[in-house]
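Here are the chains, one letter per residue:
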Amino acid sequence: MDLAHWLGRAVEQHEKWQDGHGPGPGHPALDVAEADLSAAFDALAERLGGSYPFFHPRYAGQMLKPPHPVAVTGYLAAMLVNPNNHARDGGPTSSALEEEVVEELAAMFGYGEHLGHLTSSGTLGNLEALFVARESHPGKGVAFSAESHYTHARMCHLLGIEAYTVPVDARGRMDVDALERLLSTGAVGTVVATMGTTGLGAVDPLHRILERTRPAGVRVHADAAYGGFFTLLAQPEQGPGQTPGRPPGRGTAAGRALVDPAPWRALPSCDSVVVDPHKHGLQPYGCGAVLFRDPEVRRFYGHDSPYTYFTSARPHLGEISLECSRSGAAAAALWLTLRLFPLTREGLGRVLAPGRRAALRWAGLIEASPRLDLYQPPDLDIVTYHRHGAPPVLSGVAAASEEMMREGMRDGDDAVFLSTSRVSAAAFTARRPDAVADAEETRILRSVLMKPEAEPYLDRLHARVEALAADSLGAATAGAAAGEARRG
Ligand SMILES: *Cc1c(COP(=O)(O)O)cnc(C)c1O
């Protein structure tokens, strides 16, 4: 798609809309000299030139990618008006767009009647979910796994809620037996299940968690900020020529879900869920969402504002949100995106599937490689690995990861951008009992394959990472030999 054309269309329609209100008088106070702008813009452009190439599949590091040009077009078209979705009088049309996209998100998660809204981020969505958790289960604590997002502990502190950390198993998923023991104390009112941890992309066994929480009357909040849209891949793929609704024939690629469907099928039973369209929903930053299964939680938000709320008797988004001002353009961007990538397996699911397939295939290539070891099989599209070791020595693994990341970024056309992740000696040895734990922690490599372009690029990426591992092994051996020589 031709972004320059569509940005032009957005500006055109905006000017047409403005003209409909008569010519604006303008004011010289807002004038700028073209030459000044040109100089300032050049300075900005130069600064931006120092960015990492998040758009390119050679960038296989953190959770970052540009928004889809459709989202950029929708954002710009609405941003020129600059509606505020805090209240309907601040954004009558973009508030309606937000309500529509929230309906679509709720349908994706299997929610019927619900309450929900967009947020500026996943963190603020989670804050609201924990706020409602506190109000509905006063005096009780919140439990989340040791691999959950670090902001849960911070938000519990902010809300004055007791926080309980539940250990994880050797795949980074919540240990359900440990959770059960914690629940038996009666101290916990809400459990946070992470549907795709930020570090490993591990999916907590939500279906098994719900079996333990239900009899105890404990709430469950699903933090699906990263993983939420993978629920689309839990649905079997329609093969070519397959009749919708009919089970596919045996041995066909169609009909297989790309992720383990069991935890995702349990999502409709959660009390609340958070998803970040600014992660896997093709949106620019500033777009999270929180949804509650029980619309009655609205009562916890009660407040009154003297200077807004004059145009409608229906509840305003600001009346069911802890934030005040919020970008209406974010709602418009998501709305336009979902017209082209609806929340179905064939819609947005087709954008997530290649990254997931690439992660699965890469895990296999790493396992077969004499130079690399897989840290753990990926639940989603995040691949974790380190330089091969027989046995792996924690200090050496950390040094190799740092070096491979640093060296990878160097050479222009052949550059790869990786990221590292800190793991404890206990976590590492849970996966590799043979490891030499000569340090308290180590660093592994972590690649988030969240762009579909990762799939066609995978062989090149793998070859490059293998070469980096070989180089780092060479450097390590040379370093050891030099040390020996000095000692000898
Ligand atoms: C990214 C993330 C968050 C935080 O969301 P922001 O949008 O960055 O504030 C919370 N939980 C999980 C699992 C995440 O991946």
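Relevant structure appears above.
What comes next concerns the included structure. (Residues numbered from 1 in each chain as written. Predicted model: local features only at pLDDT ≥ 70, side-chain atom pairs only at ≥ 80, totals over all residues. Heavy atoms only, no water.)

**Quick look at the sheet that holds strand β7 (residues 288–292)**
Across a sheet, strands are paired by hydrogen bonds formed along the backbone, either parallel or antiparallel in direction. Taking strand neighbours across the sheet as the criterion, the seven strands line up as β1-β7-β6-β5-β4-β2-β3 in an open arrangement whose pairing is mixed. Either end of the sheet is taken by a strand with one partner, and the two such strands are β1 (115–119) and β3 (163–166). Neighbour to neighbour, the strand axes of the sheet diverge by 20° on average, direction disregarded. Looking at chain direction, strand β2 (residues 141–145) and strand β4 (residues 188–194) are connected through three bridges and run parallel. For Val142, the partnering residue across the bridge sits in β4 and is Thr190. (Pairing = 2+ DSSP bridges. Helix = DSSP H or I, 4+ residues; strand = E, 2+ residues; numbered from the N terminus. Axes fitted to C-alpha atoms, helices over the stretch in contact; angles between N-to-C directions.)

**What about the packing of aromatic side chains?**
The tally for this structure, following the rule as stated, stands at eight aromatic pairs. Note on Tyr226 and Phe230: the rings are 6.4 Å apart at their centroids and 40° apart in plane angle, and the pair reads as tilted. Phe230 matches Tyr226 in its accessibility class, with the two residues each being buried. Residues Tyr375 and Phe428 carry aromatic rings whose centres are separated by 5.9 Å and whose planes lie at 40° to one another, so their mutual orientation is tilted. (Phe/Tyr/Trp six-rings, centres within 6.5 Å; stacked < 30°, edge-to-face > 60°. Buried < 20%, exposed > 50% of the residue type's maximum accessible area, 1.4 Å probe, protein only.)

**Some remarks on the site of the ligand**
With respect to spatial proximity, 14 residues lie near the ligand, and among them Thr123, Asp223, Asp276, His278 and Lys279 are the closest. Contact distances for the ligand include 2.6 Å between an oxygen atom and a side-chain N or O atom of Asp276. Contact distances for the ligand include 2.9 Å between an oxygen atom and a side-chain N or O atom of Lys279. Compared with its free state, where it exposes 380 Å², the ligand has 89% of that area covered by protein. Sorting the residues of the shell around the ligand by element identifies α5 (122–136) and α10 (277–280) as the ones contributing at least two each. Per-element accounting of the shell around the ligand gives the leading share, three residues, to α5. (Near = heavy atom within 4 Å. Polar contact = N/O pair within 3.5 Å; in protein donor to acceptor, adjacent residues only side chain to side chain. Areas by Shrake-Rupley, 256 points an atom, 1.4 Å probe, with all protein chains shown as cover.)

**Overview of the packing of helix α3 (residues 69–79) against helix α11 (residues 328–340)**
The contact between α3 and α11 brings their axes to 7 Å, and the two run at 140°. Here α3 is positioned oblique relative to α11, judged by the angle of their axes. Pair α3 / α11 crosses with right-handed handedness. Of the residues in α11, those touching α3 at Val70, Ala71, Thr73, Gly74, Tyr75, Ala78 and Met79 are Ala329, Ala330, Ala332, Ala333, Leu336, Thr337 and Leu340. Its residues assigned to classes, the contact of α3 with α11 comprises eleven nonpolar, three polar and no charged. (Parallel < 35°, antiparallel > 145°, perpendicular 65-115°, else oblique. Left-handed = near helix turned anticlockwise from the far one by under 90°. Contact = heavy atoms within 4.5 Å. Nonpolar A, V, L, I, M, F, W, Y, C, P; charged D, E, K, R; others polar.)

**Overview of the nonpolar core**
Core analysis: the largest hydrophobic core is formed by 61 residues, its most contacted members being Leu105, Leu118, Val191, Leu206, Trp264, Leu267 and Leu348. Excluding anything up to four places from it in sequence, Leu267 contacts Phe109, Tyr111, Met195, Leu206, Ala222, Thr231 and Val273. Counting residues in hydrophobic clusters, the runner-up holds 23 residues, among them Ala359, Trp362, Ile366 and Leu372. (Core = buried A, V, L, I, M, F, W, Y, C linked by side-chain atoms within 4.5 Å.)

**Re the sheet that holds strand β8 (residues 372–376)**
Reading across from one edge, β8-β9-β11-β10 is the order of the four strands in this open sheet, with antiparallel pairing throughout. Only two strands of the sheet have a single partner each, and these edge strands are β8 and β10 (419–424). This sheet shows a mean twist of 45° between the axes of neighbouring strands, independent of strand direction. Across four bridges, the pairing between strand β9 (residues 382–387) and strand β11 (residues 441–448) is antiparallel. Bridge pairing in β11 places Val383 opposite Ser447.

**Structural notes on the environment of Met155**
For Met155, the location among the structural elements is in helix α6 (residues 151–159). A C-alpha to C-alpha distance of 19 Å links Met155 and Gly196, two positions 41 residues apart in sequence. The residues contacting Met155, other than those within four sequence positions of it, are Thr123, Leu127 and Leu130.

**Details of helix α8 (residues 206–216)**
For α8, every residue scored as buried is listed here: Leu206, Ile209, Leu210, Arg212 and Thr213. Summarising the contacts, the buried residues of α8 are in contact with α7 (176–183), β4, β5 (219–223) and α9 (261–265). Downstream of α8 by one or two residues, Gly217 has phi in the positive range, about 65°.

**With respect to α7**
All of the buried residues in α7 are Val176, Ala178, Leu179, Leu182 and Leu183. In an axial view of α7, the angular spread of the buried residues amounts to 155°, which keeps them on one side of the axis. At its buried positions, α7 is contacted by β2, β3, β4 and α8. (Arc of directions from axis to C-beta.)

**Things to note about the environment of Ala202**
Its location among the elements puts Ala202 in the loop between β4 and α8. C-alpha of Ala202 to C-alpha of Arg431: the two residues are 229 residues apart in sequence and 14 Å apart in space.

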